[in-house]
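For reference, the chains in residue letters:
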Amino acid sequence: MNEDVRLVAWVRGQVQGVGFRWFTRARALELGGMSGFALNLGDGRVQVVAEGPRERCERLLEWLHGDDTPGRVDGVTEIWDTPRGGYDGFAIR
């Protein structure tokens, strides 16, 4: 079963000023079938919202946890929900 889901992830570490949002968007587009955004937060984290097939969102989350991201990821907190829609592609905010 590969239903559509909503992933919201908050990424902690050295993730601002290193191209993290750009690479997150590129990875989401590479995986395909997702919409959402990556956003710098005032406290130094990056928020990632992705909606699409569960398997692709899980692969994006694995990438966020992995060693292939720019900067340094100290941790990722995520929640899963039902999609809300309203996104046009995958954006950098």
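Predicted model only: the values in this text are computed from it and were never measured.

*Asks:* Could you clarify how one ought to interpret the sheet that holds strand β1 (residues 4-14) in this entry?
*Replies:* Pairing between sheet strands relies on hydrogen bonds along the backbone, with the strands arranged either parallel or antiparallel. An order of β4-β1-β3-β2-β5 is seen for the five strands of this open sheet, with the pairing classed as mixed. For this open sheet the edge positions go to β4 (72-81) and β5 (90-92), each flanked by a neighbour on one side alone. Geometrically, the sheet is characterised by an average inter-axis angle of 15° between neighbouring strands, direction not taken into account. Sheet strands in contact with helix α1 (residues 20-31) are β1, β2 (35-40), β3 (46-53), β4 and β5, and its direction is about 170° off that of β5.

*Asks:* I tried to follow a nonpolar patch on the surface on my own but got confused; where do I start?
*Replies:* A contiguous nonpolar surface patch, about 320 Å² in accessible area, is contributed by Trp 22, Phe 23 and Ile 92. With respect to the helices and strands, Ile 92 occurs in strand β5. Residue class for Ile 92 comes out partly exposed when judged on its relative accessible area of 36%.

*Asks:* I'm lost on the UniProt feature "domain: Acylphosphatase-like" (unreviewed entry) in the chain in this one. Help?
*Replies:* Sites flagged by UniProt as "domain: Acylphosphatase-like" (unreviewed entry) map to residues 6-93. Strand forms 41% of residues 6-93 and helix 27%; the C-alpha atoms that close the span are 18 Å apart.

*Asks:* Please explain the pairing of β3 as it appears in this structure.
*Replies:* Successive residues of a regular strand alternate their side chains across the two faces of the sheet. Judged by how many residues are buried, β3 sits mostly within the fold: eight of eight residues are covered. Of the strand pairs in this sheet, β1 and β3 are connected by eight bridges, and their pairing is antiparallel. Bridge pairing in β3 links Val 11 to Val 46. As paired strands, β2 and β3 are joined by six bridges and run antiparallel to one another. Following the sheet pairing, Leu 39 is matched in β3 by Gln 47. Here β2 folds back onto β3, and the loop between the two strands holds five residues, one of which, Gly 44, carries a positive phi near 95°.

*Asks:* Is there a simple way to think about the side chain of Thr 24 in this case?
*Replies:* Summarising the element assignment, Thr 24 is placed in helix α1. Once you skip the residues sitting within four places of it in the chain, Thr 24 turns out to touch Ala 38, Val 48, Leu 60, Trp 63, Leu 64 and Phe 90.

*Asks:* Explain the environment of Leu 64 to me, please; I cannot follow it from the model alone.
*Replies:* Position of Leu 64 among the secondary structure elements: in helix α2 (residues 54-65). Using a relative accessible area of 0% as the deciding quantity, one classes Leu 64 as buried. Those residues in contact with Leu 64 that sit more than four places away from it in its chain are Ala 9, Val 11, Phe 20, Thr 24, Val 48, Thr 69, Val 73 and Val 76.

What counts, and at which threshold
- Residues numbered from 1 in each chain as written.
- Predicted model: local features only at pLDDT ≥ 70, side-chain atom pairs only at ≥ 80, totals over all residues.
- Heavy atoms only, no water.
- Pairing = 2+ DSSP bridges.
- Helix = DSSP H or I, 4+ residues; strand = E, 2+ residues; numbered from the N terminus.
- Axes fitted to C-alpha atoms, helices over the stretch in contact; angles between N-to-C directions.
- Contact = heavy atoms within 4.5 Å.
- Patch = residues over 30% accessible without salt bridge, like charges linked within 9 Å, V, L, I, M, F, W, Y side chains within 5 Å.
- Areas by Shrake-Rupley, 256 points an atom, 1.4 Å probe, with all protein chains shown as cover.
- Salt bridge = Lys/Arg side-chain N within 4 Å of Asp/Glu carboxyl O.
- Buried < 20%, exposed > 50% of the residue type's maximum accessible area, 1.4 Å probe, protein only.
- UniProt positions renumbered as here; feature names shortened; annotations may be inferred.

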